[in-house]
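Chain by chain, the residues run as shown.
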Amino acid sequence: MKIIEMSRTHPPLVPAVFDPEYRTAMEGALSRYTPSEMVGAHRWMGTEEDRRAGAVFTGCRLGAIPDVGRVVVTNGTQSAFNMLLGGLVRAGNALAVESLTYPPILVLAKRFGFVPKGARMDDEGIIPEALEDLCRSDRPKALYLLSTLQNPTTATMSLARRQQIVEVARKYDLQIIEDDIYSLLPEALPPPIAALAPERSWYMLGVAKTIAAGMKIAYVVAPTAARAEEQFWPGVRATFWMSAPISAAVSTQLIETGGAERIICAVRQEMVARHNIVRPLLTETDFETKDGALHVWIRLPHTVTAAALASLIRERGVTIGTADPYVLPGEAAPQAIRVGIGHAKSRTELEEAIRIIAVSHAEFRKARQ
Ligand SMILES: Cc1ncc(COP(=O)(O)O)c(C=O)c1O
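Reading the values: the criteria
- Residues numbered from 1 in each chain as written.
- Predicted model: local features only at pLDDT ≥ 70, side-chain atom pairs only at ≥ 80, totals over all residues.
- Heavy atoms only, no water.
- Domains from an automatic or database assignment.
- Contact = heavy atoms within 4.5 Å.
- Buried area = accessible area lost by both parts, 1.4 Å probe.
- Salt bridge = Lys/Arg side-chain N within 4 Å of Asp/Glu carboxyl O.
- Near = heavy atom within 4 Å.
- Polar contact = N/O pair within 3.5 Å; in protein donor to acceptor, adjacent residues only side chain to side chain.
- Areas by Shrake-Rupley, 256 points an atom, 1.4 Å probe, with all protein chains shown as cover.
- Nonpolar A, V, L, I, M, F, W, Y, C, P; charged D, E, K, R; others polar.
- Helix = DSSP H or I, 4+ residues; strand = E, 2+ residues; numbered from the N terminus.
- Buried < 20%, exposed > 50% of the residue type's maximum accessible area, 1.4 Å probe, protein only.
- Lys, Arg positive; Asp, Glu negative; His and termini not counted.
- Expected span 1.5 Å × (residues − 1).
- Pairing = 2+ DSSP bridges.
- Right-handed = clockwise from strand over helix to strand, strands pointing away.
- Axes fitted to C-alpha atoms, helices over the stretch in contact; angles between N-to-C directions.
- Phe/Tyr/Trp six-rings, centres within 6.5 Å; stacked < 30°, edge-to-face > 60°.
- Lys NZ or Arg CZ within 6 Å of the ring centre and 35° of its normal.
- Parallel < 35°, antiparallel > 145°, perpendicular 65-115°, else oblique.
- Left-handed = near helix turned anticlockwise from the far one by under 90°.

## Structural notes on the domain arrangement of the chain
Turning to step 1, where the next piece is worked out: When its domains are assigned, the chain resolves into domain 1 (4-15 + 260-367) and domain 2 (16-257).
Turning to step 2, where the next piece is worked out: The C-alpha centroid of domain 2 is placed 25 Å from the C-alpha centroid of domain 1.
Turning to step 3, where the next piece is worked out: Each partner contributes residues to the interface: domain 1 has 29 residues there, and domain 2 has 39 residues.
Turning to step 4, where the next piece is worked out: Among the residues of domain 1 in contact with domain 2, Ile263, Tyr326 and Leu328 are the three that bury the most area, contributing 23% of the side total.
Turning to step 5, where the next piece is worked out: Remark: the boundary between domain 1 and domain 2 carries 1 salt bridge.

## Let's talk about the site of the ligand
Turning to step 1, where the next piece is worked out: Close to the ligand lie 14 residues; Thr77, Asn151, Asp179, Tyr182 and Lys209 are nearest.
Turning to step 2, where the next piece is worked out: Thr77 is positioned such that a nitrogen or oxygen atom in its backbone is 2.7 Å from an oxygen atom of the ligand.
Turning to step 3, where the next piece is worked out: Here Asp179 contributes a side-chain N or O atom positioned 2.6 Å from a nitrogen atom of the ligand.
Turning to step 4, where the next piece is worked out: The protein chains hide 91% of the 400 Å² of surface that the ligand would expose on its own.
Turning to step 5, where the next piece is worked out: The class makeup of the residues in the shell around the ligand is 6 nonpolar, 5 polar and 3 charged.

## Overview of the side chain of Glu5
Turning to step 1, where the next piece is worked out: On the secondary structure map, Glu5 appears in strand β1 (residues 4-5).
Turning to step 2, where the next piece is worked out: Although Glu5 is buried, it forms no salt bridge, and the closest oppositely charged side chain is Arg8 at an N-O distance of 4.4 Å.
Turning to step 3, where the next piece is worked out: A distance of 2.5 Å separates a polar atom in the side chain of Glu5 from a polar atom in the side chain of Ser7.
Turning to step 4, where the next piece is worked out: A polar contact of 3.1 Å, which involves the side chain of Glu5, links it to the backbone nitrogen of Arg8.
Turning to step 5, where the next piece is worked out: When sequence neighbours within four positions are dropped, the list of residues in contact with Glu5 reads Thr319, His343 and Ala344.

## Focus: helix α4 (residues 77-88)
Along an α-helix, a turn takes 3.6 residues, which lines up residues three or four apart on a common side.
Turning to step 1, where the next piece is worked out: With 12 residues, α4 extends 16 Å between its outermost C-alpha atoms, agreeing within 8% with the 16 Å of an ideal straight helix rising 1.5 Å per residue.
Turning to step 2, where the next piece is worked out: With respect to burial, α4 is a largely interior element, 10 of its 12 residues being buried.
Turning to step 3, where the next piece is worked out: Among the residues of α4, those classed as buried are Thr77, Ser79, Ala80, Phe81, Asn82, Met83, Leu84, Leu85, Gly87 and Leu88.

## Some details on the pairing of strand β4 (residues 115-119)
Turning to step 1, where the next piece is worked out: As paired elements, strand β3 (residues 94-98) and β4 share 5 bridges and run parallel to each other. From the neighbouring strand, Leu95 faces β4, where its bridge partner is Pro116.
Turning to step 2, where the next piece is worked out: For the crossover from β3 across helix α5 (residues 103-112) to β4, the handedness is right-handed.

## Details of the sheet that holds strand β11 (residues 286-288)
Turning to step 1, where the next piece is worked out: Taken together, 4 strands build an open sheet; the order of strands is β11-β12-β15-β14 and the sheet is antiparallel. Looking along the sheet, the strands with just one partner apiece sit at the ends: β11 and β14 (321-322).

## A few points about the sheet that holds β3
Turning to step 1, where the next piece is worked out: Sheet architecture is open: 7 strands sit in the order β2-β10-β9-β8-β7-β3-β4, paired in mixed fashion. Both edges of this open sheet fall to β2 (71-74) and β4, since each of them pairs with a single strand only. If you compare each strand with its neighbour and ignore which way they point, the axes differ by 20 degrees on average.
Turning to step 2, where the next piece is worked out: One ladder, built from 2 bridges, connects β3 with strand β7 (residues 142-145); its direction is parallel. Counterpart to Ala96 in the pairing with β7 is Leu143.

## Quick word on the packing of aromatic side chains
Turning to step 1, where the next piece is worked out: Taken as a whole, this structure holds 5 aromatic pairs when the rule is applied.
Turning to step 2, where the next piece is worked out: Residues Phe232 and Trp241 carry aromatic rings whose centres are separated by 5.0 Å and whose planes lie at 65 degrees to one another, so their mutual orientation is edge-to-face.
Turning to step 3, where the next piece is worked out: Owing to a relative accessible area of 0%, Trp241 belongs among the buried residues under this scheme.
Turning to step 4, where the next piece is worked out: Directly above the aromatic system of Tyr33 lies the positively charged group of Arg43, at a separation of 5.0 Å from the ring centroid.

## Section: unusual backbone geometry
Negative phi values dominate among residues other than glycine, just as trans dominates among peptide bonds.
Turning to step 1, where the next piece is worked out: In this structure, the amide linkage connecting Asn151 to the following residue, Pro152, adopts the cis form with an omega of 20 degrees.
Turning to step 2, where the next piece is worked out: Looking at the element boundaries, Pro152 is found in the loop between β7 and α7 (159-171).
Turning to step 3, where the next piece is worked out: The phi angle at Arg139 is positive, at roughly 45 degrees, despite the residue not being glycine.
Turning to step 4, where the next piece is worked out: Mapping Arg139 onto the fold places it in the loop between α6 (128-138) and β7.
Turning to step 5, where the next piece is worked out: Judged by relative accessible area, Arg139 falls into the exposed class, the value being 54%.
Turning to step 6, where the next piece is worked out: For Thr154, which is not a glycine, the phi torsion comes out positive at approximately 70 degrees.
Turning to step 7, where the next piece is worked out: Along the chain, the position of Thr154 falls in the loop between β7 and α7.
Turning to step 8, where the next piece is worked out: Taking the relative accessible area as the measure of exposure, Thr154 reaches 0% and is therefore buried.

## Section: the packing of helix α1 (residues 15-32) against helix α11 (residues 259-281)
Turning to step 1, where the next piece is worked out: One can describe the packing of α1 onto α11 by two numbers: an axis separation of 9 Å at closest approach and a directional angle of 165 degrees. Here α1 is positioned roughly antiparallel relative to α11, judged by the angle of their axes. Taken as a pair, α1 and α11 cross one another with a handedness that is left-handed. Residue-level inspection shows Val17, Phe18 and Glu21 of α1 in contact with α11, the latter providing Gly259, Arg262, Ile263 and Ala266.
Turning to step 2, where the next piece is worked out: Of the residues contributing to the contact of α1 with α11, the split by class is 4 nonpolar, 1 polar and 2 charged.

Okay, here's the thing in structure tokens:
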């Protein structure tokens, strides 16, 4: 049976724009450096050109181009997590997170021995009072969050909410690890928290959700150049987190030539079309999504269990996610499903899958009334 994969939040492929841009960038990288110059050694925190490109890329969200010394080129956000969480939150200490958090954080908590502590959320993400209570009770060293299109709920903070989070972070001396990976598709967003509190923010902007997941590139902006070196090099003698030189060089070319922006525009346009297909088909469900979001979060009636619904939908040929992987140890999972809408190969396939989800949801609800 054909399976339509809807459990991932990959961006849609836009080969008409991506392929020529990527080829040109690859050729540009190969004419800029000889192969031995390019891959003969690690690129450490990135070459000067890579870091400058990263500064320009992150500067689009930060509102000003950060000093190049603060920018580190990494092999994707998860690699950056390994360095930051191991370094900023030592074993036995607490890390404040959203009450439903990106699952790799929970894996790394076990690996490094820190304790994730969830702060309650509303439709704007973490509630400042809940964060403050958590700071008093657990004294976390840092806060990891998504201020835009939170995974899995799609909650997005207003400017006022971002400012309130900064106030709490300053009061309790929290480092802020802000993952802004979903922020390049929506338009007219408030600035990231890192722009409001650069002195304590570790800003992460990966390309996986906009340009291509397989590039494995994420730019990190540290509070200062010295702190960047402390966490990434030469303080920590590990190289697994460094980007592959060819990918860093291609990414630099894409940013410098405007190719990155053209690809992002094409992805954004495709997502507008996909949202226009998805939203009318889900009106009978309690769904949440936002312009530019790569997924939809559907809260289920209390009579419906997410696992049972997901399993029926799977039998009908579509894979989706539930809240389970996002839940902190000891907490109960809300009954909800996460449906990725960027990964389906075509709009027709997307529509087919969403219809299966909507029909299954309606059947389940009726059967359990
Ligand atoms: C919140 C969040 N951060 C990061 C990533 C992936 O980042 P990378 O591929 O750069 O490691 C994902 C992908 O699912 C994600 O949802």
